[in-house]
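What follows is each chain in one-letter form.
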Amino acid sequence: MKSTKFTPASKLSKAEIDRKWWEVGDFFRRNSLWMLMYCTGCCAIELPPAMTSAYDMERLGMGPMATPRQADILLVSGYLSLKTLRRLIYTYEQMSEPRYVVALGSCPINGGIYHDSHAVINKLDQYIPVDVYVAGCMPNTESVMNGFVDLMDQIKRKTAVGWKKYHENNAWYKENQKTSLGEVVVHDEFHE
Ligand code: SF4
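Residues numbered from 1 in each chain as written. Predicted model: local features only at pLDDT ≥ 70, side-chain atom pairs only at ≥ 80, totals over all residues.

Draft legend 1. A look at the site of the ligand. Neighbouring the ligand are Gly41, Cys42, Cys43, Gly78, Tyr79, Gly105, Ser106, Cys107, Gly112, Ile113, Cys137 and Met138. Each residue belonging to the shell around the ligand can be placed in one class, and the counts come to seven nonpolar, five polar and no charged. (Near = placed C-beta within 6 Å. Nonpolar A, V, L, I, M, F, W, Y, C, P; charged D, E, K, R; others polar.)

Below is the structure:
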């Protein structure tokens, strides 16, 4: 059996130590995902079977979380009106990093059946980054569960990097938000 060479922490660079801590963090994170369900549309009806005995998402270490500051996943379940989009952006901005977005249904991808509505947005990823899309109108529960497993796999492969893209392209996201909504000011009640 091949033995693994042990390197004491004192011999590792800071970057290597940081990387190892991220690996440990990612292991626990992907096996303990807390989800804020932002139930915007009819796709939300697939969540009760995903959460209860039929599919039991707790088997994957997943559970609901009521507040953005403790949530890992922002789940968008369908179409988004302009008024709702503003609240969704406030919510996303409050979440700790790393944070992930899962979007259900065709509506967040391209507007779905509301694609020509004056009050509903067509592409969610113009406003905040989306890590996993689950297509369908509405997607069945198996597809929703597959979407969660896909997110876990992305975290393992380090490709769930939407939250980093939000930093790197922040000016672009903010411009899109401003074009559709006007100024989006996120208040920080602890530091104002
Ligand atoms: S994708 Fe279909 S089921 Fe989902 S919110 Fe849009 S219209 Fe409703």
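The discussion continues.
Draft legend 2. Here's a closer look at the nonpolar core. In this structure, Ile73, Leu74, Leu75, Val76, Leu80, Val102 and Leu151 are the most contacted members of the largest nonpolar core, which totals 42 residues. When residues of this core are traced back to their parent elements, those giving at least two are β1 (34-38), β3 (73-76), α3 (82-94), β4 (100-104), α4 (107-110), β5 (132-134) and α5 (141-157). (Core = buried A, V, L, I, M, F, W, Y, C linked by C-beta atoms within 7 Å. Buried ≥ 20, exposed ≤ 12 C-beta atoms within 10 Å, placed from the backbone. Helix = DSSP H or I, 4+ residues; strand = E, 2+ residues; numbered from the N terminus.)

Draft legend 3. Up close: the packing of α3 against helix α7 (residues 170-181). Relative orientation of the contacting elements α3 and α7 amounts to 145 degrees, with a least axis distance of 10 Å. Our pair here, α3 against α7, has a crossing hand that is left-handed. For the pair α3 and α7, contact is made by Leu82, Leu85, Arg86 and Ile89 and by Gln177, Ser180 and Leu181, respectively. (Axes fitted to C-alpha atoms, helices over the stretch in contact; angles between N-to-C directions. Left-handed = near helix turned anticlockwise from the far one by under 90°. Contact = placed C-beta atoms within 7 Å.)

Draft legend 4. Examining the UniProt feature "domain: NADH:ubiquinone oxidoreductase-like 20kDa subunit" (unreviewed entry) in the chain more closely. The UniProt feature table records "domain: NADH:ubiquinone oxidoreductase-like 20kDa subunit" (unreviewed entry) at residues 39-150. Along residues 39-150, the helical share is 29% and the strand share 12%, with 20 Å between the first and last C-alpha atoms. (UniProt positions renumbered as here; feature names shortened; annotations may be inferred.)

Draft legend 5. Broad picture of the environment of Asp150. Mapped onto the elements, Asp150 comes out in helix α5. Measuring from C-alpha to C-alpha, the distance between Asp150 and Tyr133 comes to 9.8 Å, with 17 residues separating the pair along the chain.

Draft legend 6. A look at the pairing of β4. Burial analysis of β4 places five of its five residues in the buried class, which makes it a mostly covered element. Side-chain alternation along β4 places Tyr100, Val102 and Leu104 on one buried face and Val101 and Ala103 on a second face that is also buried. Relative to β4, β3 is paired through four bridges, and the arrangement is parallel. Residue pairing for β4: Leu74 is matched across the bridge by Val101. Since β3 and β4 lie parallel, the crossover through α3 that links them has a hand, and here it is right-handed. Two elements, β4 and β5, share three bridges in a ladder whose sense is parallel. Across the sheet, residue Ala103 finds its bridge partner in β5, namely Tyr133. (Pairing = 2+ DSSP bridges. Right-handed = clockwise from strand over helix to strand, strands pointing away.)

Draft legend 7. Broad picture of α5. The end-to-end C-alpha separation of α5 is 24 Å, in line with the 24 Å expected for 17 residues at 1.5 Å each. If you check which residues of α5 are buried, you get Val144, Met145, Gly147, Phe148, Leu151, Met152 and Ile155. Buried residues of α5, seen end-on, are gathered within an arc of 150 degrees and therefore sit on one face of the element. Along α5, the residues that are exposed and aim more than 90 degrees away from the buried face are Glu142, Val149 and Arg157. (Expected span 1.5 Å × (residues − 1). Arc of directions from axis to C-beta.)

Draft legend 8. Inspection of the sheet that holds β1 at higher detail. The five strands are arranged β2-β1-β3-β4-β5 in an open sheet whose pairing can be described as parallel. Looking along the sheet, the strands with just one partner apiece sit at the ends: β2 (63-64) and β5.

Draft legend 9. The pairing of β1, seen in detail. In terms of strand pairing, β1 meets β2 through two bridges, oriented parallel. Bridge assignment links Met35 to a residue of β2, and that residue is Pro64. One ladder, built from four bridges, connects β1 with β3; its direction is parallel. Counted as the bridge partner of Met35 is Ile73 from β3.

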